[in-house]
Amino acid sequence: MRDISGSSITRRSAALATAAAVLAPVAGARGATATWDRNTETDVAGYKLSYGTQPGVHTVTIDVGNVTTHTFSPPPGFRYYVVVQAYNASGGLSDKSSEVVLDVPLPNRAPTLSQPANQTSILNAQVFLTLAGSDPDGTPVVFSATGLPPGTSINAATGMISGLALANGTYAVAVTVSDGALTASRTFTWQVIDNVSAPIVVDLRPLDTM
C-alpha cells in the first residue's frame, strides 16, 4: 500500500492464513480463535482484527495488541468474514488481509417431550401409546423407556409403545427423548388389570306349575 504515515507495513506482511480461524469453546459459549503470521517489519506496534456478516464489510474492529492470536466471541447464528491488519506507532495501517469465513452455530437446544397420561390396560390386551417428542433445532431424536409392563416395548425412532400387556400390576414408567447430546424425560404410571367380564344373570323366577 502507499505509505500514509511513514510506515513500512504492507498487505503481504499482514497476511492471514486461510485456515487460521477455528471454532473453539470460549467461557462456556461458542467463539473463535484467529491466528496469523507476524510481520517482518520492525516498526509494527500491533494488529487489528475486524469482522462482519457481509463480504468486504467489517463492522467490528478489535485492537488485539502486538500478538498473533486472539480469541473472540461473535454472536452465534451467523457467518462472519474476518480480516486482520497491522499498524505501527504512528498509526499507519496495512491493507486488510484476505478474508477468513467463520460460521458460528447457534447453541444446541434440548428436545421437548410432552407429558404422557397415566395408562390403564387389560391383561393380555394389545396396547398402543405414541410419545410426542421433537427437537427445536430439527435434529433427529431417539426415544427410550424403562419400567414398561412386560410384553411391551418402545420404537426408538417413532416413540410408539406397543405390545401385549402380559402381567398384572402398576408400573412406574420413565420415558426419554434425546438429540444425542441433550435429553428430556417424563414419568407416568401404567396399570394392567384383569379383564372383568360382565356378571352372569340367572333367571330365578318360579316356574308356572298351573
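Along every chain, residues carry numbers that run from 1 in the direction the sequence is written. Residues qualify for local features only when their pLDDT is at least 70, as the model is predicted, and side-chain atom pairs are given and counted only at 80 or more; totals for whole chains, interfaces and linings, by contrast, use all residues. To obtain the side-chain values, all non-hydrogen atoms of the structure were included, while hydrogens and water were left out.

## Brief notes about unusual backbone geometry
The criterion, for reference: Secondary structure counts use DSSP, requiring at least four H or I residues in a row for a helix and at least two E residues in a row for a strand, with both numbered from the N terminus. Partly exposed describes any residue whose relative accessible area lies between the buried limit of under 20% and the exposed limit of over 50%, with all areas from a 1.4 Å probe on protein chains only and scaled to the type maximum.
For N124, which is not glycine, the phi torsion reads 70° and is therefore positive. Residue placement: N124 occurs in the loop between strand 9 (119-122) and strand 10 (126-130). By relative accessible area, N124 is classed as partly exposed at 49%.

## Some details on the environment of T35
With respect to the secondary-structure elements, T35 resides in strand 2 (residues 29-35). The exposure class assigned to T35 is partly exposed, which follows from its relative accessible area of 30%. A C-alpha to C-alpha distance of 4.2 Å links T35 and T69, two positions 34 residues apart in sequence.

## Structural notes on the pairing of strand 15 (residues 169-178)
Where we set the bar: Pairing between two strands requires that DSSP report at least two bridges joining them.
One ladder, built from 5 bridges, connects strand 12 (residues 142-146) with strand 15; its direction is antiparallel. The partner of A145 across the bridge, within strand 15, is V175. Bridging between strand 15 and strand 16 (residues 183-193) involves 10 bridges; their strand directions are antiparallel. From the neighbouring strand, A172 faces strand 16, where its bridge partner is T189. Where strand 15 hands over to strand 16, the hairpin turn is made up of 4 residues, of which G180 adopts a positive phi near 100°.

## Notes on the pattern of salt bridges
So the rule is basically this: Put simply, a salt bridge is a Lys or Arg side-chain nitrogen that is within 4 Å of an Asp or Glu carboxyl oxygen.
For the structure on display, the rule yields 2 salt bridges. With its nearest N and O atoms 2.7 Å apart, the salt bridge here joins R79 to D103. Pair noted here: R79 is in strand 6 (residues 78-88) and D103 is in strand 7 (residues 100-104), with a separation of 24 residues, a long-range link. Accessibility expressed as a relative area gives 43% for R79, which makes it partly exposed.

## Observations concerning the packing of aromatic side chains
Test applied: Ring pairs shown here join Phe, Tyr and Trp side chains whose ring centres sit within 6.5 Å, with only the six-membered ring taken for Trp; geometry is labelled stacked below 30 degrees between planes, edge-to-face above 60, and tilted in between. In this scheme, the term charge over a ring applies when either NZ of a lysine or CZ of an arginine sits within 6 Å of the ring centre and within 35 degrees of the ring normal.
Across all of its chains, the model carries 5 aromatic pairs by this definition. Measuring from centroid to centroid gives 6.1 Å for F188 and W190, while their planes differ by 40°, and the two rings are tilted. Assigned by exposure class, F188 and W190 land together as buried. Grouped by ring-pair contacts, the aromatic residues Y51, F72, F78 and Y80 constitute a single cluster. Across the ring face of Y87, the terminal group of K48 is positioned such that the distance to the ring centre comes to 5.6 Å.

Any functional reading would require information beyond the geometric quantities listed.
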